[in-house]
Amino acid sequence: MASIISIKTVLISESVDPRCRTILEEHGIRVTEKHNMKKDELIAEIKVYDGLVVRSATKVTADVINAASNLKIIGRAGTGVDNVDVDAATRKGIIVMNTPSGNTISAAELTCALLMSLSRNVPQAVMSMKAGNWDRKKFMGAELYGKVLGIVGLGRIGKEVAQRMQSFGMKTIGYDPITPPQVSASWGVEQMSLEQLWPQCDYITVHTPLMPSTVGLLNDETFAKCKKGVKVVNCARGGIIDEAALLRALESGQCGGAGLDVFVEEPPQDRSLVNHPNVISCPHLGASTKEAQARCGEDIALQIVDMVKGNNLVGAVNAQVLASTFSQESHQLIKLGEAVGAVLKSCSSGSNKPLSHVQITTQGDIMKSSTGYMTAAVLVGLFNSESGCCPNLINVLSLAKESGIMVNQSHCVSDGAASGVCKVEVKADGCSYKASGSVQGGVPVLLELNDCVFRQPVSLTGNLLFFKASASPQLLSSVAGLLASKGVEIESFSAPADRTGDLWYCVGVSSPLLDLGVLKPMVKAAAQFTA
């Protein structure tokens, strides 16, 4: 099964496991490795590549993305993608992919190591010994057994931390807005609201992405709700714990200790937290194990190869719509959606007004799981002729939103007679244009145009000319004569089943008509489509 995305060249901008390059090259992808590039160097270099593989140090900003004229995928060999401007990538139709499970175990193990170190003051005792001291009383610790661990973020890493710390006899409670409570309960974590969680915890560890809703999740207000002396760990992303609030809580004793692997600024210029006696800090080591690096490098390469070969799509942060498009049937339906959208775009172009509303309705069992990508495909067809616009399934919903177009999608069951049908209605300047189509024999066909049902489905291939006119015995010969005078031959003719009133007709032609205006004396409207 061929993919709808072709990747021929990839730039690796950081040190990743050698297996990454080997796997890509084994599948015919040319790989260039250039590490430690400055921003301007990356902007100059990225122009010729289809793919970019990074870890966390490369900052893939909007400037870099906008300079990447060929880029189709940004692969992050790791979990977090906050070093990538995902919104800018989406607007350009570029897939952002991570390796969601590559560093799970390593990050979970480091979290557990920091929790244990906090409970027994291990790093401080080590440094004291190296300084020649023997001070047993100074480093009195506490058991983890019977203590309450609050886990904020119950994804892969949160789950692994919970299962490991339960073996120490800790009670694990947690919060996650996505993971269902019954799921986390199956691995021993009782879910509750954050307001309920804060006062119960002896230890808190955070495992969320960094986003507006999680910035400063632990702050002055939330520290005040915690037990006095609570200990906190952050192996996720700098900024989830408000660093200034943490320092104040440490100074007051409200927080009894912190294990930090991440900081807002890395490396941190303000050393107040790093130098605090009750803080254990690491230089962002969560994924720094041989196993994690090998796994992440190998995973990102295999995910890219699987996508290119059309097998599946794993780890796409911003392109979930593509997850269901890896089958021959889905490719045919995407072509149908794009073709129907293009036909309606041509029909509505005469109004010279922008589209205001698009309604996509899928019908039949075959379409049940395709509504998402069919909507995107129709929009691609509607946008394709826009100047300066490069729509694809990834960015087209954003383009529609930016253009002020209201998009609605729905699915209805088949009535038995018309299964696997895509119906589209667009509105521009108060005028409505409608079309419906399906796939027959692997070919997209048009069944209906503006309430005119064709006697035989129109194959949406080649060059098609649609026109609206009153039914007349002389119509076809008149149109054929005019087209012939312009060097255009008619190859097929499709008429509606109805024979009265103003109707839409379709003719297959040898080449597009350069000026639809020449048809004005004999038709009321005209549109063209080229597959």
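Residues numbered from 1 in each chain as written. Predicted model: local features only at pLDDT ≥ 70, side-chain atom pairs only at ≥ 80, totals over all residues. Heavy atoms only, no water.

**Some thoughts on the side chain of Asn98**
Within the secondary structure, Asn98 sits in strand β5 (residues 95-98). The residues contacting Asn98, other than those within four sequence positions of it, are Arg76, Gly78, Thr79, Val81, Ile300, Gln303, Val314, Gly315 and Val317. (Helix = DSSP H or I, 4+ residues; strand = E, 2+ residues; numbered from the N terminus. Contact = heavy atoms within 4.5 Å.)

**Focus on the sheet that holds strand β13 (residues 355-363)**
Strand order in this open sheet of 6 strands is β14-β13-β15-β16-β17-β18, and the pairing throughout is mixed. Edge positions in the sheet fall to β14 (406-412) and β18 (452-459), since each of these pairs with one other strand and no more. On average, each strand axis in the sheet is inclined to that of its neighbour by 20 degrees, with strand direction left out of account. With 8 bridges joining them, strand β15 (residues 421-428) and strand β16 (residues 431-440) adopt antiparallel strand pairing. (Pairing = 2+ DSSP bridges. Axes fitted to C-alpha atoms, helices over the stretch in contact; angles between N-to-C directions.)

**Observations concerning the environment of Thr362**
Assignment of secondary structure puts Thr362 in strand β13. Along the backbone, Thr362 and Val439 are 77 residues apart, and their C-alpha atoms lie at a distance of 12 Å. Here His411 takes part through its side chain, which lies 2.9 Å from a polar atom of the side chain of Thr362. (Polar contact = N/O pair within 3.5 Å; in protein donor to acceptor, adjacent residues only side chain to side chain.)

**Some points on the nonpolar core**
Proteins that are soluble and globular tend to have nonpolar side chains buried together. In terms of nonpolar packing, the biggest core is built from 87 residues, with Ile95, Leu449 and Phe466 touching the most fellow members. Among the elements that line this core, the one with the most residues is helix α14 (residues 371-383), at 9 residues. Not counting the four nearest positions on each side in its chain, Leu449 is found in contact with Val343, Leu344, Cys347, Lys434, Ala435, Phe454, Phe466 and Trp504. (Core = buried A, V, L, I, M, F, W, Y, C linked by side-chain atoms within 4.5 Å. Buried < 20%, exposed > 50% of the residue type's maximum accessible area, 1.4 Å probe, protein only.)

**Describing the state of the cysteines**
Applying the stated rule across the entire model yields 0 disulfides. The closest cysteine sulfur to the non-disulfide-bonded Cys431 is located on Cys347, 12 Å from its own sulfur. For the unlinked cysteine Cys506, the closest cysteine sulfur is that of Cys347, found at 10 Å. What makes Cys506 buried here is its relative accessible area of 1%. (Disulfide = S-S within 2.5 Å.)

**Some remarks on the pairing of strand β6 (residues 148-152)**
With 5 of its 5 residues buried, β6 lies for the most part within the structure. On β6, burial covers both faces: Val148, Gly150 and Val152 on one face and Leu149 and Ile151 on the other are all buried. Across 5 bridges, the pairing between β6 and strand β7 (residues 171-175) is parallel. If you follow Ile151 over to β7, its bridge partner there is Gly174. The β-α-β motif built from β6, the intervening helix α7 (residues 156-166) and the parallel element β7 has right-handed crossover chirality. As paired elements, β6 and strand β9 (residues 203-206) share 4 bridges and run parallel to each other. Within β9, the residue paired with Val152 across the bridge is Val206. (Right-handed = clockwise from strand over helix to strand, strands pointing away.)

**Some words on the packing of helix α1 (residues 18-26) against helix α12 (residues 290-308)**
Contact geometry for α1 and α12: axes closest at 7 Å, N-to-C directions at 20 degrees. The angle between α1 and α12 falls in the class roughly parallel. Between α1 and α12 lies a crossing of right-handed hand. In this structure, α1 uses Arg19, Cys20, Ile23 and Leu24 to contact α12, whose residues at the interface are Gly297, Glu298, Ile300, Ala301, Leu302, Ile304 and Val305. (Parallel < 35°, antiparallel > 145°, perpendicular 65-115°, else oblique. Left-handed = near helix turned anticlockwise from the far one by under 90°.)

**With respect to the packing of aromatic side chains**
Here the distance between the centres and the angle between the planes together describe a pair of aromatic rings. As enumerated under the stated definition, the model contains 2 aromatic pairs in all. Their ring planes at 20 degrees and their centres at 5.6 Å tell us that Phe467 and Tyr505 sit as a pair that is stacked. Residue Phe467 is found in strand β19 (residues 463-470), and its partner Tyr505 is found in strand β21 (residues 502-509); the two are separated by 38 residues along the sequence. Between the aromatic rings of Phe493 and Tyr505, the centroid separation amounts to 5.9 Å while the plane-to-plane angle is 15 degrees, which identifies the pairing as stacked. Taken together, the positions of Phe493 in strand β20 (residues 490-494) and Tyr505 in strand β21 put the pair 12 residues apart, joining distant regions of the chain. (Phe/Tyr/Trp six-rings, centres within 6.5 Å; stacked < 30°, edge-to-face > 60°.)

**Details of the side chain of Asn83**
With respect to the helices and strands, Asn83 occurs in the loop between β4 (73-76) and α4 (86-91). Among the residues examined, Asn83 registers a relative accessible area of 7% and is labelled buried. Among the polar contacts made by the side chain of Asn83, one reaches the main-chain carbonyl oxygen of Arg55 at a distance of 2.9 Å. Side-chain polar atoms of Asn83 contact the backbone oxygen of Thr58, separated by 2.8 Å.

**A closer look at the sheet that holds strand β1 (residues 9-12)**
The 5 strands lie next to each other as β2-β1-β3-β4-β5, forming an open sheet whose pairing is parallel. In the strand order of this sheet, the two ends are held by β2 (30-33) and β5, each with one partner. Each strand of the sheet is rotated relative to its neighbour by a mean of 20 degrees, with strand direction disregarded. Bridging between β1 and β2 involves 4 bridges; their strand directions are parallel. Residue Val10 lies in a different strand from β2, and its bridge partner there is Val31. Sheet strands touched by α12: β3 (51-54), β4 and β5. Its angle to β5, the strand with the most contacts, is close to 140 degrees.

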